[in-house]
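Notes for the structure review
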Amino acid sequence: MDQNDWAVINYTLPREPSRARVSLWRRLKKIGAVNIQQSMWILPLTDENLNLLNEIKSEVLQNNGKAFVMKSSVDEDGQKNIIERFNSARNEEYGELLEQCEDFFKEINKEIGRKNFTFAEIEENEEELDKLKQWYAKIVARDTFEAPLKETSKTTLLKCAEALEKFCDKVYKFTDRS
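So, here's what we can say about the structure. Bear in mind the structure is a predicted one, so any value in this text is a computation, not a measurement.

Quick notes on the state of the cysteines
- A complete count under the given rule lists 0 disulfides for this structure.
- Not engaged in a disulfide, the cysteine C160 finds its nearest cysteine sulfur in C101; these two sulfurs lie 3.8 Å apart.
- Sulfur of C168: no disulfide; nearest cysteine sulfur belongs to C160 and is 13 Å away.

With respect to the sheet that holds strand 4 (residues 66-73)
- The strand order 2-3-1-4 describes an open sheet built from 4 strands, whose pairing is antiparallel. Looking at which strands have only one partner, the edges of the open sheet turn out to be strand 2 (34-37) and strand 4. Taking the axes of each pair of neighbouring strands and ignoring which way they run, one obtains an average angle of 30 degrees across the sheet.
- As paired elements, strand 1 (residues 5-12) and strand 3 (residues 40-44) share 5 bridges and run antiparallel to each other. Counted as the bridge partner of V8 is I42 from strand 3.
- The strands touched by helix 2 (residues 47-62) are strand 1, strand 3 and strand 4; relative to strand 4, the strand with the most contacts, the crossing angle is about 160 degrees.
- Sheet strands touched by helix 3 (residues 76-113): strand 1, strand 2 and strand 3. Its angle to strand 2, the strand with the most contacts, is close to 135 degrees.

A closer look at the packing of aromatic side chains
- A complete count under the given rule lists 8 aromatic pairs for this structure.
- Note on F117 and F167: the rings are 6.0 Å apart at their centroids and 45 degrees apart in plane angle, and the pair reads as tilted. One end of the pair, F117, is in the loop between helix 3 and helix 4 (119-142); the other, F167, is in helix 5 (residues 149-177), with 50 residues separating them in the sequence. Across the pair, exposure class does not vary: F117 and F167 are buried alike.
- Ring centres of F119 and Y172 lie 5.6 Å apart, and the angle between their planes is 50 degrees; this geometry places the pair in the tilted category.

Quick look at a negative patch on the surface
- Together, E123, E124, E126, E127, D130, E165 and D169 make up a region of like negative charge exposed at the surface.
- For the negative patch, the elements supplying multiple residues, two or more each, are helix 4 and helix 5.
- The dominant element in the negative patch, judged by the number of residues it contributes, is helix 4, at 5 residues.
- Residue placement: E124 occurs in helix 4.

Criteria and cut-off values
- Residues numbered from 1 in each chain as written.
- Predicted model: local features only at pLDDT ≥ 70, side-chain atom pairs only at ≥ 80, totals over all residues.
- Heavy atoms only, no water.
- Disulfide = S-S within 2.5 Å.
- Pairing = 2+ DSSP bridges.
- Helix = DSSP H or I, 4+ residues; strand = E, 2+ residues; numbered from the N terminus.
- Axes fitted to C-alpha atoms, helices over the stretch in contact; angles between N-to-C directions.
- Contact = heavy atoms within 4.5 Å.
- Phe/Tyr/Trp six-rings, centres within 6.5 Å; stacked < 30°, edge-to-face > 60°.
- Buried < 20%, exposed > 50% of the residue type's maximum accessible area, 1.4 Å probe, protein only.
- Patch = residues over 30% accessible without salt bridge, like charges linked within 9 Å, V, L, I, M, F, W, Y side chains within 5 Å.
- Areas by Shrake-Rupley, 256 points an atom, 1.4 Å probe, with all protein chains shown as cover.
- Salt bridge = Lys/Arg side-chain N within 4 Å of Asp/Glu carboxyl O.
- Lys, Arg positive; Asp, Glu negative; His and termini not counted.
- Charge placed at Lys NZ, Arg CZ, Asp CG, Glu CD.

Here you go:
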């Protein structure tokens, strides 16, 4: 893949039903596409990304819309702008993940403060940590250009795991005394 080459979809959909537009928008976000102008979305040019955009094109056509998928290349300024948009989109996602990590720390600290040292709390927090890890993996899969908040997110997730481990130690010590 030449880093200046892109897969692009441009589409129009009828105003109603709005669920078709929302579904399409969510799908584009999920695959990591970036909106570059109204109903024009872009991904790095790979066979996989072209196939994904062609699937979305089919969905547009099934919903009485019009769409076309194309390969495109841009000049150096355009390239920088697109990469900035990708990194900005991923940083937004990493930022949301980091907020949830802060909530995780608060929850652990709250349970320690309440001396709520139960196995049920361990399970609940393990499930929450697993969700955070899965979310991180999804963002990383879309993070083509190594957004700046990637490493911070990785480090923060490791700290979440450490906080949970320390909480587990407290639960085991507490239950051993009982």
